[in-house]
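The lines below spell out each chain.
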Amino acid sequence: MKRVPMPKLPLEERVRTFKEVALGYTEEQAVAEASRCLQCEKPLCVEGCPVGVDIPLFIKYVAEGDFESAVEVVRERNSLPAICGRVCPQENQCEGRCALGKRGDAINIGGLERFVADWELKRGLRIPEKAEPTGKAVAVVGSGPAGLTAAAELAKFGFEVVVFEALHKPGGVLTYGIPEFRLPKSVVEAEVDYVKKLGVDIQTDVVVGKTITIEELFQEGYEAVFVATGAGLPNFLNVPGENLCGIYSANEFLIRINLMEAYKFPHESDTPIKVGDKAIVVGGGNVALDAARCALRLGARETTVIYRRTEREMPARREEYANALEEGIRFKFLTQPVGFEGDSSGWVREVKCVRMRLGKPDESGRRRPIPVEGSDFRIPADTVVVAIGQSPNPLIPRTTKGLAVSKKGTIVVDPETLETTVRRVYAGGDIVTGAATVISAMAAGKKAANSIKKALLGS
Amino acid sequence: MLLESIAPRIHQLVVHAPLIAKKARPGQFVILRADARGERIPLTLCDWSSRDGWVKMIFQEVGVTTKKLASLKPGEFVEDIVGPLGTPAEIAQYGTVCVVGGGVGAAAAYPRAKSLKQAGNEVVAIIGARSSEYVILEESFKGVCDELFIATDDGSRGFKGFVSQLLEKLLEEGKRFNYVFAAGPVPMMRAVAEVTKPYGIKTVVSLNPIMVDGTGMCGSCRVTVGGVRRFCCVDGPEFDAHQVDFSELMSRLSMYVEEEGRALALYEGASFDEG
Ligand SMILES: Cc1cc2nc3c(=O)[nH]c(=O)nc-3n(C[C@H](O)[C@H](O)[C@H](O)COP(=O)(O)OP(=O)(O)OC[C@H]3O[C@@H](n4cnc5c(N)ncnc54)[C@H](O)[C@@H]3O)c2cc1C
Ligand SMILES: Cc1cc2nc3c(=O)[nH]c(=O)nc-3n(C[C@H](O)[C@H](O)[C@H](O)COP(=O)(O)OP(=O)(O)OC[C@H]3O[C@@H](n4cnc5c(N)ncnc54)[C@H](O)[C@@H]3O)c2cc1C
Ligand code: SF4
Ligand code: FES
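Residues numbered from 1 in each chain as written. Chains lettered and ligands numbered in written order. Predicted model: local features only at pLDDT ≥ 70, side-chain atom pairs only at ≥ 80, totals over all residues. Heavy atoms only, no water.

1. With respect to the overall build of chain B
Argument step 1. Broken down by element type, chain B carries nine helices and 16 strands.
Argument step 2. Each principal axis of the C-alpha atoms in chain B carries an extent, and together these give about 55 × 40 × 40 Å.
Argument step 3. Restricting to contacts in chain B with at least 6 residues of sequence separation, those with at least 24 account for 64%.
Argument step 4. Carbon and sulfur atoms form 51% of the exposed surface of chain B, whose accessible area is close to 11100 Å².
Argument step 5. Distance between charge centres in chain B, computed from 30 positive and 34 negative side chains, equals 4 Å. (Helix = DSSP H or I, 4+ residues; strand = E, 2+ residues; numbered from the N terminus. Contact = heavy atoms within 4.5 Å. Areas by Shrake-Rupley, 256 points an atom, 1.4 Å probe, with all protein chains shown as cover. Lys, Arg positive; Asp, Glu negative; His and termini not counted. Charge placed at Lys NZ, Arg CZ, Asp CG, Glu CD.)

Spelled out as structure tokens, the structure:
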């Protein structure tokens, strides 16, 4: 049984604009896709879902055309369904376990989740009932999925919640990282709006650790603090020539494009970006593919992703890999940059590479890439984006006495409560796990909110 | 928001920002946006009052954002201001120090002169400009310095020549400094570093690479200091002048000249149409 195909923007239009690629199911398509579900007695999909959404139940409602009930089922466990439906790596989670996937196509659970969430957005989000005010205030640092989820939950519990965000717009990676063509900013804004309607105060332009410290937040009367500052520090290759003009970290490239809307420069945005004819993106994750697809849309004639392992080990979502191939992005596997050459005015002109081969599996279980001696070669380039991972920002650990961090710089927490080594300071999301997923960040936000409730209200 | 022109195309901007004013230290800066479509640009904190909750920046009109800031009307707001960013300056008692400010760099030099004076140093300041009408903060410097020298490129005020040449002259005449701080255009900071190097004087410069977030998230502001990559917005903006790769900084600063030119032409065309 084939899944109902997801309608997409025509290819010619896609490669020139930042409009969303996947258009979403119509009601008829959603009902048809939902009707394929076997309603398994022991649904494996639910086991694959990090927040345990009752997937067969919501799908059953969709099949019956009862979208209202379907939304309620999803919302019970997932507070950001319009976002998760679009960006979760479903193939490793629910859909990867779906019974139908063994012989045919798994149900498009992500597509259906998105359908019900979009249906709800169109109707207008209803604000759930809140508990009686507790008279206690909680501060949340960072407004990515972890921070937003915790804030929403805490507000529902009756706490006064203030979110502090360093940038001028809330949303974390959802706003500054994931491009419009994959996650429209209007969807993120709607979710942020929902959190605000719950009574949460989001204060942008506040860098905790600089503008105000965690210690001072307690002095101001907050009784608990949830740190959800993400993994925002870009890793570089540390090879010669990496500071040449035209070489961007993926974070800079994507912040300019998504947060600062440089793709509208100069007519509707003042922030420039520069993409030449030949763009090279280094990496193999979602971040690399997002950067490559942005480069293409900004006019690169040839966009090539170079990755040191093979297609099989690439951590990017499969759907986006397929989209990237369709759009004409090229891939060079088993390739590692070892340096960059520039021209006399300091602009990058070439990437120096070596070929790799795969050795024994490493800690991540993936086969370790090993350089092949004497295999040096060069690729011409006038724009390079380095997308080889992000690390936790050390700002808060550096300015908070007693806050323990791991060797990798992630904040150490009690896995049960998410409390850090500082009393009443909790942490979750990428700042604890290292770069991970939206859904795991969301789950952490929920967990921390519950622990905070327990600590402050005793239940 | 209060805006005042203090020299041709140089303005002083005072913003009510109590949280920033409370935390501000010499050597730090803010990032601001002029309007909702605006770029994020860094400006040095020139002065502030933690009691009254204001911060003061001095900027020169060079492109779209600074021109937009310059056209703010009384009572209007800047869209965003975030800070204080960067690592506060190391202020110690060195003995006799020289603080050098080239052009609008005087705005960064002033809080350093003030704090060095408060720390018990003998402070000599050199401020320079293209010509006399561009000299800024003269009175403020007088209030915190033991000696003030002025240099202008055209000789219309004080020494005729660059601030670095004046510094060199003072050193040649036998003046001795235990510490030099310089802020201004990159060629000027490089020249100061070259002048002090043979004398082995500890020299610190405040670097001005292109920034975006200002919190260590993007790496746009990366500079090479002593062969090591540093993020100017969090590790700086002040670095040991004798270790800085100034050529790299110069070339990175020119990354968008073409785009900036186009944006400016468009903006000036549009404001011309309106006006
Ligand atoms: C380009 C890109 C594409 C991705 N694609 C996917 C995908 O398709 N699917 C998926 O599941 N995951 C994806 N991810 C990963 C996912 O986005 C993250 O795992 C998730 O956003 C982590 O959420 P968070 O709330 O922990 O942190 P973040 O989303 O990083 O948010 C942290 C927020 O805290 C703010 N902050 C940091 N320090 C401070 C401070 N000192 N004071 C105040 N505020 C501060 C930051 O500005 C930021 O807004 C992607 C990531 C990137 C970068
Ligand atoms: C830490 C720091 C402190 C600074 N303090 C002051 C100050 O006190 N007073 C002052 O007048 N200027 C200061 N600057 C420089 C100021 O930020 C730039 O003049 C300003 O960004 C120019 O913006 P624009 O849109 O008007 O001009 P544009 O036309 O956009 O740019 C003109 C030139 O300014 C530089 N520039 C452009 N964008 C940025 C950016 N986002 N960040 C940094 N530089 C950029 C480039 O070299 C560019 O060629 C400081 C810079 C830094 C990094
Ligand atoms: S595993 Fe697949 S078929 Fe079974 S209930 Fe879940 S979505 Fe339906
Ligand atoms: S400005 Fe982005 S890291 Fe410094």
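2. What to know about the site of ligand 2
All names here are of chain B.
Argument step 1. Near ligand 2 lie 23 residues; those nearest to it are P42, T44, I58, T66 and E260.
Argument step 2. In the model, an oxygen atom of ligand 2 is placed 2.4 Å from a nitrogen or oxygen of the T66 side chain.
Argument step 3. Note that an oxygen atom of ligand 2 is positioned 2.8 Å from one of the side-chain N or O atoms of E260.
Argument step 4. The set of elements that each furnish at least two residues to the shell around ligand 2 consists of strand 4 (41-44), strand 6 (54-60) and helix 2 (64-70).
Argument step 5. Here the element with the most residues in the shell around ligand 2 is strand 4; it accounts for four residues. (Near = heavy atom within 4 Å. Polar contact = N/O pair within 3.5 Å; in protein donor to acceptor, adjacent residues only side chain to side chain.)

3. Re the sheet that holds strand 4 of chain B
All names here are of chain B.
Argument step 1. Strand order across the open sheet formed by three strands is 4-3-7, with antiparallel pairing between neighbours. The open sheet has two free edges, formed respectively by strand 4 and strand 7 (80-85), since each of these has just one partner strand. Shown here is a sheet whose adjacent strand axes are inclined to one another by a mean of 25°, direction ignored.
Argument step 2. Two elements, strand 3 (residues 29-33) and strand 4, share four bridges in a ladder whose sense is antiparallel. Residue pairing in the sheet places V30 in a bridge with L43 of strand 4. (Pairing = 2+ DSSP bridges. Axes fitted to C-alpha atoms, helices over the stretch in contact; angles between N-to-C directions.)

4. Focus: the environment of A137(A)
Residue and element names in this part refer to chain A.
Argument step 1. Along the polypeptide, A137 turns up in strand 1 (residues 137-141).
Argument step 2. In the structure, A137 is positioned 88 residues away from C49 in sequence and 32 Å away in space, judged by C-alpha atoms.
Argument step 3. Setting aside anything within four residues of it in sequence, one finds A137 in contact with E160, G221, Y222, E223 and A224.

5. Considerations on the interface of chain A and chain B
Argument step 1. Chain A puts 44 residues into the contact, and the matching count from chain B is 43 residues.
Argument step 2. In this assembly, chain A packs against chain B so that about 3800 Å² is buried in total across both faces, 52% of it on carbon and sulfur atoms.
Argument step 3. It is K210(A), N243(A) and D270(A) in chain A that bury the most area against chain B; as a group they hold 20% of the surface buried on that side.
Argument step 4. Counting across the interface, chain A meets chain B through six salt bridges.
Argument step 5. Residue K274(A) pairs with E258(B) through a salt bridge whose shortest N-O separation is 3.5 Å. (Buried area = accessible area lost by both parts, 1.4 Å probe. Salt bridge = Lys/Arg side-chain N within 4 Å of Asp/Glu carboxyl O.)

6. Here we look at the sheet that holds strand 4 (residues 224-227) of chain A
Residue and element names in this part refer to chain A.
Argument step 1. On the basis of which strands lie adjacent, the open sheet formed by five strands has the order 3-2-1-4-16 and parallel pairing. Edge positions in the open sheet fall to strand 3 (201-203) and strand 16 (425-427), since each of these has one partner strand only. Sheet twist, expressed as the mean angle between neighbouring strand axes with direction ignored, is 20°.
Argument step 2. Bridge count for strand 4 against strand 16 is three bridges, and the pairing is parallel.

7. What to know about the site of ligand 1
Residue and element names in this part refer to chain A.
Argument step 1. Close to ligand 1 lie 37 residues; V87, E165, R182, V208 and D430 are nearest.
Argument step 2. In the environment of ligand 1, an oxygen atom lies 2.9 Å from a nitrogen or oxygen atom belonging to the side chain of R182.
Argument step 3. At 2.8 Å from an oxygen atom of ligand 1 is found a main-chain nitrogen or oxygen belonging to D430.
Argument step 4. Considered on its own, ligand 1 offers 1000 Å² of accessible surface; in the complex 97% of this is hidden by protein.
Argument step 5. Among the secondary structure elements, those contributing two or more residues to the shell around ligand 1 are helix 9 (145-156), helix 14 (286-297), helix 16 (395-399) and helix 18 (438-457).
Argument step 6. Per-element accounting of the shell around ligand 1 gives the leading share, three residues, to helix 14.
Argument step 7. Class assignment for the residues of the shell around ligand 1 results in 21 nonpolar, 11 polar and five charged. (Nonpolar A, V, L, I, M, F, W, Y, C, P; charged D, E, K, R; others polar.)

8. Quick notes on helix 14 of chain A
All names here are of chain A.
Argument step 1. Counted at 1.5 Å a residue, the expected span for helix 14 with its 12 residues is 16 Å, and the 16 Å between its end C-alpha atoms agrees.
Argument step 2. Among the 12 residues of helix 14, 10 are classified as buried, and the element is accordingly described as predominantly covered.
Argument step 3. Looking only at helix 14, the buried set comprises A288, L289, D290, A291, A292, R293, C294, A295, L296 and R297.
Argument step 4. Taken from the residues just after helix 14, G299 is the one with a positive phi, measuring 105°. (Expected span 1.5 Å × (residues − 1). Buried < 20%, exposed > 50% of the residue type's maximum accessible area, 1.4 Å probe, protein only.)

9. Here we look at the packing of helix 13 (residues 250-259) of chain A against helix 14 of chain A
Residue and element names in this part refer to chain A.
Argument step 1. Packing of helix 13 against helix 14 brings their axes to within 10 Å, and their N-to-C directions diverge by 50°. Taken together, the axis directions place helix 13 and helix 14 in an arrangement best described as oblique. As helix 13 runs across helix 14, the sense of the crossing is left-handed. In contact with A250, F253, L254 and I257 of helix 13, helix 14 contributes V287, D290, A291, C294 and A295. (Parallel < 35°, antiparallel > 145°, perpendicular 65-115°, else oblique. Left-handed = near helix turned anticlockwise from the far one by under 90°.)

10. Side note on the pattern of salt bridges
Oppositely charged side chains may form a pair once their charged atoms are brought near each other.
Residues and elements named next belong to chain A.
Argument step 1. Taken as a whole, this structure holds 53 salt bridges over all chains when the rule is applied.
Argument step 2. Residues D118 and R86 are paired through a salt bridge, measuring 2.9 Å at the closest nitrogen-oxygen approach. Here R86 lies in helix 6 (residues 81-87) and D118 lies in helix 8 (residues 109-123), a separation of 32 residues in the sequence. Across this residue pair, the class does not change: D118 and R86 are buried.
Argument step 3. Among the charged side chains, a network of salt bridges with common partners joins K8, R14, R182, D290, R293, R297, R317, E319, E320, E326 and E327.

11. What to know about the packing of aromatic side chains
Argument step 1. Within the structure shown, the criterion is met by 11 aromatic pairs over all chains.
Argument step 2. Where F164(A) meets Y222(A), the ring centres are 6.1 Å apart and the plane angle is 85°; that geometry is what we call edge-to-face. Note that F164(A) is positioned in strand 2 (residues 160-164) and Y222(A) in the loop between helix 12 (214-219) and strand 4, a separation of 58 residues in sequence. Across the pair, exposure class does not vary: F164(A) and Y222(A) are buried alike.
Argument step 3. Feature note: the residues F18(A), F181(A) and Y263(A) constitute an aromatic cluster, connected by ring pairs.
Argument step 4. For K60(A), the ring lying beneath its charged end belongs to Y61(A), and the centroid distance is 5.4 Å.
Argument step 5. In this structure, R112(B) is placed above the aromatic ring of F181(B), and the distance from its NZ or CZ to the ring centre is 4.5 Å. (Phe/Tyr/Trp six-rings, centres within 6.5 Å; stacked < 30°, edge-to-face > 60°. Lys NZ or Arg CZ within 6 Å of the ring centre and 35° of its normal.)

12. Comments concerning the side chain of T271(A)
Argument step 1. Relative to the helices and strands, T271(A) is located in the loop between helix 13 and strand 7 (278-282).
Argument step 2. Among the residues examined, T271(A) registers a relative accessible area of 2% and is labelled buried.
Argument step 3. Residues contacting T271(A), with those up to four places away along its chain left out, are R256(A), M260(A), A262(A), F265(A), G38(B) and E39(B).

13. Some thoughts on the pairing of strand 2 (residues 10-16) of chain B
Residue and element names in this part refer to chain B.
Argument step 1. With six of seven residues buried, strand 2 is to be regarded as a mostly interior element.
Argument step 2. The sheet contact formed by strand 1 (residues 2-7) and strand 2 spans five bridges and is antiparallel. Within strand 2, the position partnered with L3 by the bridge is L13.
Argument step 3. Linking strand 1 back to strand 2 in an antiparallel pair, the connection comprises two residues, with R9 at a positive phi of about 60°.
Argument step 4. In the sheet, strand 2 pairs with strand 6 via seven bridges, with the strands oriented antiparallel. From the neighbouring strand, V14 faces strand 6, where its bridge partner is K56.

Fair warning: the whole summary comes from geometry, so function is off the table for now.
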